[in-house]
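Summary of the model geometry
One-letter residues, chain by chain:
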Amino acid sequence: MTSLIPSDDAPSLSFVQRWNTYLVLLMAVGMVLLGITLRDSALSATQTFEDLEAGVRAQLPSAWLLETGGEDFVVRAQDPNALPFKTTLQIAVLPIGPDATPNTVLDLLTMQRAPRFSTYKEIARSDEALRGDPAKRMTYAYTQDERNPFQASVPLVVEGVDVVVLRRGQAVIITYREERTAFDANLYRFEDLLQTVEIF
């Protein structure tokens, strides 16, 4: 019967084997970094939306659902993966009179939304500039109830923000809406939209 006797003289790795080990580790780290970069670029990829009739051009997230020509908006983009509330970016154009100001447009929006949205509440207004033009920002919140009685659940608190800028007899309203708990985390999408929107 043969017995195996442990030996301290185990064969060491050759020069080539050591370098191959290091190269494999470097390649693994490189592939992880490449994957993170590709993921980030896919998440931040945008597509150009342009409506010549409304005079609006903007960069919107490419993986989102786009709806155009609605009754109260030019374009609406919604994140199909966001649950329970679909993150929404929207651009609307309203005709206005010669004496209109961004504040009066925001007052009109408040009057229109108060009957439609349960517990609608304006939170704050502030001055802003959009590509050198004076604008007004309004933050608000409301609760959204499930319309299907068979899926009754706790109402969602939705927070929104509008930026209104006036151009050539029309008010351009750029809107962002998100569930309250995810509002701050996704606010960068709205800020990116404000940086890319062009009104002509």
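Before reading further, recall that the structure is shown in the block above.
Attention in this report is confined to the structure presented alongside it. (Residues numbered from 1 in each chain as written. Predicted model: local features only at pLDDT ≥ 70, side-chain atom pairs only at ≥ 80, totals over all residues. Heavy atoms only, no water.)

1. A closer look at the pattern of salt bridges
Put simply, the rule reads: Salt bridge, as used here, is a side-chain nitrogen of Lys or Arg placed within 4 Å of a carboxyl oxygen of Asp or Glu. For helices the rule is a DSSP run of H or I covering at least 4 residues; for strands it is a run of E covering at least 2, with both sets numbered from the N terminus onward. Three exposure classes are used, based on accessible area relative to the maximum for each residue type with a 1.4 Å probe and protein chains only: buried under 20%, partly exposed in between, and exposed over 50%.
Applying the stated criterion across every chain yields a total of 12 salt bridges. Salt-bridge contacts for Arg 116 lead to Asp 72; the nearest nitrogen and oxygen are separated by 3.8 Å. Placement of Arg 116 in helix 2 (residues 102–116) and of Asp 72 in the loop between strand 3 (65–68) and strand 4 (75–78) is noted, with a sequence separation of 44 residues between them. On the basis of relative accessible area, Asp 72 is assigned to the partly exposed category, the value being 39%. A salt bridge links Asp 127 to Lys 136, with the shortest nitrogen-to-oxygen separation between them at 2.6 Å. For Lys 136, a relative accessible area of 14% translates into the label buried. One salt-bridge network, in which partners are shared between bridges, spans Glu 50, Arg 57 and Glu 198.

2. Let's talk about the packing of aromatic side chains
Test applied: Centre distance within 6.5 Å is the pairing criterion for rings of Phe, Tyr and Trp, where only the six-membered ring of Trp is used; planes under 30 degrees apart are then read as stacked, over 60 as edge-to-face, and the remainder as tilted.
With the rule as written, the count across this model stands at six aromatic pairs. Ring geometry for Phe 15 against Trp 19: centres 6.2 Å apart, planes inclined by 65°, an arrangement best described as edge-to-face. Of this pair, Phe 15 and Trp 19 both sit in helix 1 (residues 15–43), separated by four residues, roughly a single helical turn. The exposure class assigned to Phe 15 is exposed, which follows from its relative accessible area of 55%. For Trp 19, a relative accessible area of 46% gives the class partly exposed. Relative to Tyr 22, the ring of Trp 19 lies with its centre 5.9 Å away and its plane at 90°, an arrangement referred to as edge-to-face. Residue Trp 19 and its partner Tyr 22 are located together in helix 1, separated by three residues, close to a single helical turn. In textbook terms, an aromatic cluster arises when at least three aromatic residues are bridged by ring pairs, as seen for Phe 15, Trp 19 and Tyr 22.

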